[in-house]
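Reading the structure
Chain by chain, the residues run as shown.
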Amino acid sequence: MKYFLLSSFFFLFYIFSSTAQTTKRVLFIGNSYTSVNNLPSMISNMAVSTGDMLTFDSNTPGGYRLMNHASNSTTLNKINSNAWDYVVLQAQSQETSFSESQMASEVYPYAASLSNAVRANNECSQPMFYMTWGKENGDASNCNFIPWVCTYAGMDDVIRATYINMSQTNHAELAPVGAVWRYLRTNYPSIGLYSSDSSHPSVEGSYAAACAFYTMIFKKDPTLITWNSTLSESEATTIKLATKTIVFDQIASWDYTINPATANFSEVIQAGEVSFSNTSATFDSLVWNFGDGNESNEINPIHNYATSGAYMVTLTTTKCGKSNTLTKTIVINTTLNTEIFNQEKKFSIYPNPSSNRFTISLHKNYKNISVTIVDVMGKTIQHKELQDISILEMDLAGLNNGMYLVQIVADDEFYTSKIIKQ
């Protein structure tokens, strides 16, 4: 196997910290692409300009690869030194454009090792990969070995694919700096993103990178940023708008994490009193919305409804800053005798699912019968009042496919069932 040349850029690395109150804690692991122009400090200045705060540290020796960081005591100690919100992982500028076989042995295992170390330190810490960019005119030093790096576009394509693959494989977030650069190169070529070596970022290039990171870290629109570094208002605005287009407007597509929050619950209804049981697997916090204007943060609340009706109950659980919501519609009857029909002996509804009409069959004639069909949002779709009948037909024609609730009040008895329109 041929081992391709790596450019050696030995820059001093900087360790930045902030003593102010923080909203996000970020560790930057990389090399000179991160340390040049003080990228972490740029992100911090942007955060301050919007009322946010960033506490950060870094380990960015020049030319360092992921394999170097994976066994570097300084890197590993820094990972374990704090409950980081994010640990940024930036590979060496050329190694993410190598052949797939070489990356399989020299890049991917170390991306996984570092990601695992991040989560082993704190289950809520997230790796965030730093998608870099192709060299301004391609990589002449490796062009003879891997021809796809002979041009900027070819090199950039492979780097982008590699970072997406690492983010997907490690269920991480991705700061798509290279994608912002490409958009700017294509649409605003007058903005010089490269320094004189056609590889490292200029101040404009680092500003674009900082905008991408600010957006991913704080999940906010970068056009809110008022700090422009040394750029003109016009240049800074152009870069912020480009970042909004590529990152903020597509922010979900750069997040490959798995939501650790799982909302689930069961309930027991006794007239107007409902006992809710939270059966969610994992959560740090939760909130119930009972659908009648009341909420609760209790784990297993008991709630009393004042009036009969269909209510949408929502449980939202949060874990590691991510949320999951489950909504159920429950039917409450506070005024009637709530003797429930035995479905096998006293009540049947068929066919179910139904494409058009369905039949309700009661075990006897009832003097007064009320039938209501409601959708999952609790909106009444149909209502019928009948007398002295045991069999009746309902029409689903014109309704959208999906689940509906059938509510029946027969004399002093109450029943509810689901009907599926397909």
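Everything that follows concerns the structure shown earlier in this document.
First things first, this report covers the structure right here in the doc. The structure displayed is predicted, hence computed values, not measured ones.

How each quantity is defined
Residues numbered from 1 in each chain as written. Predicted model: local features only at pLDDT ≥ 70, side-chain atom pairs only at ≥ 80, totals over all residues. Heavy atoms only, no water. Helix = DSSP H or I, 4+ residues; strand = E, 2+ residues; numbered from the N terminus. Rg over C-alpha atoms; globule rule 2.2 N^0.38 Å. Buried < 20%, exposed > 50% of the residue type's maximum accessible area, 1.4 Å probe, protein only. Contact = heavy atoms within 4.5 Å. Areas by Shrake-Rupley, 256 points an atom, 1.4 Å probe, with all protein chains shown as cover. Lys, Arg positive; Asp, Glu negative; His and termini not counted. Charge placed at Lys NZ, Arg CZ, Asp CG, Glu CD. Disulfide = S-S within 2.5 Å. Axes fitted to C-alpha atoms, helices over the stretch in contact; angles between N-to-C directions. Parallel < 35°, antiparallel > 145°, perpendicular 65-115°, else oblique. Left-handed = near helix turned anticlockwise from the far one by under 90°. Expected span 1.5 Å × (residues − 1).

With respect to the overall build of the chain
Looking only at helices and strands, one finds eleven helices and 17 strands in the chain. By the compact-globule yardstick of 22 Å for 422 residues, the chain is too spread out, its C-alpha radius of gyration being 30 Å. Projected onto the principal axes, the alpha-carbon positions of the chain cover approximately 90 × 45 × 45 Å. Expressed as a percentage of its 422 residues, the buried residues of the chain come to 48%. Within the chain, residue pairs in contact and separated by at least 24 positions form 67% of the contacts whose partners lie at least 6 positions apart. A total of about 18600 Å² of accessible surface is found on the chain, and carbon and sulfur atoms cover 50% of it. Here the chain contributes 26 positively and 35 negatively charged side chains, and the mean placements of these two sets differ by 3 Å.

Here's the deal with the state of the cysteines
Counting across every chain of the model gives two disulfides. One disulfide bridge connects C143 with C150, the sulfur atoms lying 1.8 Å from each other. When the S-S torsion is 95°, as for the bridge of C143 with C150, the disulfide is right-handed. If the cysteines joined by disulfides in the chain are listed in sequence order, their pairing comes out as 1-4, 2-3.

Some points on the packing of helix α7 (residues 152-169) against helix α8 (residues 177-187)
The angle between the axes and the distance between the axes are what describe a pair of packed helices. The interhelical angle for the contact between α7 and α8, taken along N-to-C directions, is 150°, at an axis separation of 10 Å. Put simply, α7 runs roughly antiparallel to α8. When the axes of α7 and α8 are compared, the crossing they make is left-handed. Of the residues in α8, those in contact with Y152, A153, D156, D157 and R160 of α7 are G178, A179, W181, R182 and R185.

A short note on helix α10 (residues 233-246)
Look at α10: 20 Å from first C-alpha to last across 14 residues, which is about the 20 Å you get at 1.5 Å a residue. Restricting attention to buried positions, one finds in α10 the residues A236, T238, I239, K240, A242, T243 and I246. The inward-facing, buried residues of α10 abut α8 and α9 (203-218).

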